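If you want the building blocks of each chain, they are given just below.
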Amino acid sequence: MAYLDHAATTPMLPDALEAYVAAAAHLGNASALHAAGRGARRLVEEARESVAADLGARPSEVIFTGGGTESDNLAVKGMFWGRGDAEPGRRRVLCSEIEHHAVLDAVEWLERHEGATVSWLPVDAAGRIRMDVLAGVLAEHGDEIALVTAMWANNEVGTVQPISEMSAVCDEQGIPLHTDAIQAVGQVPVSFADSGASALTVTGHKLGGPAGVGVLLLGRDVPVTPLMHGGGQERDVRSGTLDVPGVVSFAAALRVAVAEQAATAERLTLLRDDLIARVRHAVPDAILNGDPVNRLPGNAHLSFPGCEGDAILMLLDAAGVQCATGSACNAGVAQPSHVLLAMGADETLARSTLRFSLGHTSTQEDVDELIAALPTAVERARAASAT
Amino acid sequence: MKVLAAMSGGVDSAVAAARAAEAGHDVTGVHLALSRNPQTYRTGARGCCTLEDSRDARRAADVIGIPFYVWDMAERFHEDVVDDFVAEYAAGRTPNPCLRCNEKIKFAAVLDRAVALGFDAVVTGHHARIDAGVLRRSVDMGKDQSYVLAVLNSEQLSRAIFPLGDITKEQVRAEAAERGLAVADKPDSHDICFIADGDTRGFLTERIGAKPGDIVDGESGEVLGEHNGAFAYTVGQRHGLGLTRPASDGKPRYVLSITPVSNTVTVGPREALEVTIVRGKRPIWTDGVARTEPIECEVQLRAHGEVHAATLVADGDEVTAHLRAPARGVSAGQAMVAYLPDGGGDVVLASATITGAERG
Ligand SMILES: Cc1ncc(COP(=O)(O)O)c(C=O)c1O
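An unreviewed UniProt entry annotates chain A as Cysteine desulfurase originating from Phytomonospora endophytica. Per UniProt, chain A has the following entry under Catalytic activity (unreviewed entry): "(sulfur carrier)-H + L-cysteine = (sulfur carrier)-SH + L-alanine". Taken verbatim from the UniProt record of chain A, the Sequence similarities (unreviewed entry) comment is "Belongs to the class-V pyridoxal-phosphate-dependent aminotransferase family. NifS/IscS subfamily."

**Q** Give a detailed account of the packing of aromatic side chains, specifying residues and quantitative values.
**A** All chains considered together, the criterion is met by eight aromatic pairs over all chains. Judged by centre distance (6.5 Å) and plane angle (85 degrees), the ring pair of A:Phe64 and A:Phe250 falls under edge-to-face. Of this pair, A:Phe64 sits in strand β2 (residues 62–65) while A:Phe250 sits in helix α8 (residues 244–259), placing them 186 residues apart in sequence. Centre to centre, the rings of B:Phe194 and B:Phe203 are 5.6 Å apart; their planes meet at 55 degrees, and the pair counts as tilted. When sorted by exposure, B:Phe194 lands in the same class as B:Phe203, which is buried. The ring of A:Trp109 carries the charged tip of A:Lys77 above its face, separated from the ring centre by 4.9 Å. A cation over a ring is seen here: B:Arg201 above B:Tyr233, with NZ or CZ 4.8 Å from the ring centre.

**Q** Quick rundown of the confidence of the model for chain B? Include the residues and the values.
**A** Residue and element names in this part refer to chain B. In the predicted model, chain B carries a mean pLDDT of 92, and 96% of its residues have values of at least 70. Taken together, the stretch residues 40–47 has pLDDT below 50 and engages in 32 contacts with residues farther than four places along the chain or on a different chain. The complex prediction reports pTM at 0.90, with the ipTM value standing at 0.88.

**Q** Run through the pattern of salt bridges, naming residues and quoting values.
**A** Throughout the structure, instances matching the rule amount to 45 salt bridges over all chains. Two residues, A:Arg272 and A:Asp273, come together in a salt bridge whose shortest N-O distance is 2.9 Å. By relative accessible area, which is 5% here, A:Arg272 ends up buried. Here B:Glu358 and B:Arg279 are joined by a salt bridge, their closest N and O atoms 2.9 Å apart. Of the two residues, B:Glu358 sits in strand β17 (residues 347–358) while B:Arg279 sits in strand β12 (residues 275–285), which places them 79 residues apart along the sequence. On the basis of relative accessible area, B:Arg279 is assigned to the partly exposed category, the value being 33%.

**Q** Explain the site of the ligand to me, and be specific about the residues and the numbers.
**A** All names here are of chain A. Around the ligand there are 13 residues in total, and Thr69, Asp180, Gln183, Thr203 and Lys206 lie nearest to it. For the ligand, an oxygen atom lies 2.9 Å from a polar atom in the backbone of Gly68. Take His205: an N or O atom from its side chain is 2.8 Å from an oxygen atom of the ligand. Compared with its free state, where it exposes 390 Å², the ligand has 85% of that area covered by protein. Sorting elements by how many residues they give to the shell around the ligand places helix α3 (residues 68–86) first, with three residues. Looking at side-chain class alone, the shell around the ligand contains two nonpolar, eight polar and three charged residues.

**Q** I'd like to hear about the sheet that holds strand β14 (residues 353–357) of chain A, residue by residue, with values.
**A** Sheet strands pair via backbone hydrogen bonds, and the direction of the pair is either parallel or antiparallel. All names here are of chain A. Across the sheet, which stays open at both edges, the three strands sit in the order β9-β10-β14 with antiparallel pairing between neighbours. Lying at the two open borders of the sheet, with one neighbouring strand each, are β9 (287–288) and β14. In this structure, strand β10 (residues 299–303) lies alongside β14, joined through five bridges in antiparallel fashion. Considered in β14, the bridge of Leu302 is made with Leu354. Where helix α9 (residues 261–282) meets the sheet, it contacts β9, β10 and β14, and its direction lies at approximately 15 degrees from that of β10.

**Q** Outline the interface of chain B and chain A, listing residues and values.
**A** Counting residues at the interface gives 17 residues for chain B and 15 residues for chain A. Each partner contributes to the roughly 1,300 Å² buried at the junction of chain B and chain A, and carbon and sulfur atoms together form 64% of this total. Three residues stand out in chain B for area buried against chain A, namely B:Tyr69, B:Arg113 and B:Leu117, and they jointly supply 43% of the buried area on that side. For the pair chain B and chain A, the number of links is one salt bridge.

**Q** Lay out the domain arrangement of chain B in plain terms, naming residues and giving numbers.
**A** Residues and elements named next belong to chain B. You can read the domains of chain B as domain 1 (2–125 + 163–185), domain 2 (210–272) and domain 3 (274–358). Tallying the contact residues gives five residues for domain 1 and four residues for domain 2. For the pair domain 1 and domain 2, the two sides together bury roughly 390 Å², of which 59% comes from carbon and sulfur. Considering only the side of domain 1, the residues that lose the most area to domain 2 are Tyr89, Gly92 and Thr94, jointly responsible for 77% of the buried surface there. On the surface where domain 1 and domain 2 come into contact, there are zero salt bridges. Connecting domain 1 to domain 2 are zero residue pairs in polar contact (both at pLDDT 80 or more).

The rules we used
Residues numbered from 1 in each chain as written. Chains lettered and ligands numbered in written order. Predicted model: local features only at pLDDT ≥ 70, side-chain atom pairs only at ≥ 80, totals over all residues. Heavy atoms only, no water. UniProt positions renumbered as here; feature names shortened; annotations may be inferred. Phe/Tyr/Trp six-rings, centres within 6.5 Å; stacked < 30°, edge-to-face > 60°. Helix = DSSP H or I, 4+ residues; strand = E, 2+ residues; numbered from the N terminus. Buried < 20%, exposed > 50% of the residue type's maximum accessible area, 1.4 Å probe, protein only. Lys NZ or Arg CZ within 6 Å of the ring centre and 35° of its normal. pLDDT = per-residue confidence, 0-100. Contact = heavy atoms within 4.5 Å. Salt bridge = Lys/Arg side-chain N within 4 Å of Asp/Glu carboxyl O. Near = heavy atom within 4 Å. Polar contact = N/O pair within 3.5 Å; in protein donor to acceptor, adjacent residues only side chain to side chain. Areas by Shrake-Rupley, 256 points an atom, 1.4 Å probe, with all protein chains shown as cover. Nonpolar A, V, L, I, M, F, W, Y, C, P; charged D, E, K, R; others polar. Pairing = 2+ DSSP bridges. Axes fitted to C-alpha atoms, helices over the stretch in contact; angles between N-to-C directions. Buried area = accessible area lost by both parts, 1.4 Å probe. Domains from an automatic or database assignment.

The following block contains the structure:
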């Protein structure tokens, strides 16, 4: 079996699993005042400090959430409302066309239900956000903008964006930038302070921690309206009793992922480049999508002209090779990827893609298995498309 | 064999997939997404293409322990089944969409794709049997679906597996429960899966448009009422005619024929429905061998309809059935299916599309 879908979720790191089990055995509500509560709180605050240190943030900037989707929604909706409350004229959101649905759908919801005006930021053929368009919109509409949201690295095609450059131009006009860094953390260096972003999303299950635990790094002076009301446990911005083992395990995973980032990146880049070269050798008309240089070390995203990604995926799955088409499903029916469409692909090409994503457990054997199974799968998928 | 099990989300296809897996086949489950917009089709447990059905199918596949995928067949289904359904009614005929779906989707588009992808056969939960390449009725005569499968040719049949033909529906449900399949108690789907509320006339009117016309007595030529579209009527229909005047003989009237050109629905007494000669075209011989000599057989003229002893005469693309006793309510567009009675399950010999019928 070859698991080539680490961008969807990656196995828990041993440290994270151990930390989870140890913390799960503890009794205590981190908000309680007695000894048990203090014990739980200590675990949470140590985790917070550890996360802050690993991501170049201050502990007070770390807000624990129920995962990446929640962090993205909190940032996008919370910052839109928060800024709009202070300055009612700011109702415009700038959003890249290649965001994950957790951001994209939140922005579209604001447009439909909250009267937001959206400026969609286009990307070039390699999936790089067009800085000239960003600058143009900022110049034209600077005083109407509530926030800019642009992902650090794309989950489908792996293109890495110049986030600090973007936040610098936003900052000139006092406009906050949120970045979804879910795919970036552990793969490329990420520092909240150096990025200049006002808010940054991370999730546990993409870096060797548990699913259902995430973080929103949020600048101290960024106004945010909470989405969930209750006990105000996290800086009055996020309510709900904290998942202590989840938070502790998240911090343990992040610690390892960040400490080993450089070595992991080097190893995965070699493995990934080998994978791409061998796929192209096996299927000469395969096309590599995304930025050839500034891309996530573990990401190989390819189009197979004349095939449906779905069909190859099924055949590879039957051969024990697990990968993704990378695009979202609607009722189980694969949709053409909005990311590929934004990059200028037509619908047919946008349906012909597969994403192979590597992670901490990936080996040369995984690539070998893929290369052994791929040619037959592509040939059959091509025949099926012709029926 | 490497087989593809079409899983609708119902109990039959779930048990069929489980039986195929147990028989040692390498089974992959596939749910066919047939609606362009999954929410627009029937909600609840009656249909076959809702999100809930897709989830039920996936859940069953997980319990059986087979891979599961959704195939998007919406475009093909619309062109070949839904549009054809509307066009047939508009032309004054009465189509059978389940039969068309088997002919054009399940054992054509899906089968072709499956074969290209390396599968040997398609498994479905139809109640019918294939032994030694011969299509036969199910042991459960009440649930038998051989009529809607009779359009398959020998090549299609050679790549079809129907694991349920030798058990009854009741046994299917019991077996589903034994296997821990949650769909064991799911109500049967019936009617037409793409007409969400079961209102066929409304569905057709929406697509063809209301076209008021006369309802005419076949014998006297008297106008007995008005209709909103001749397409909404079926030969043999008695109810819902909305006649404004009684017929001169005071007896109930039945739809005898539909004439789209003049937009008239012709009605008459029950006896006038009786026919002994049924004509059809485009015969499909399930064993691939066209018959030239007259054949003594039984013909069935609609789904779940009664059978009639007949002599079948085929001449190239045309088939005529001479019935021993009259049949009533024979509609153009339906299939005429010929069976050879057999103690081990009637054998399906051929099917043809009915073009007309008359009194001999
Ligand atoms: C870029 C990106 N944003 C958001 C998410 C959603 O995160 P989560 O699964 O933790 O809700 C994912 C992963 O699915 C992702 O890759």
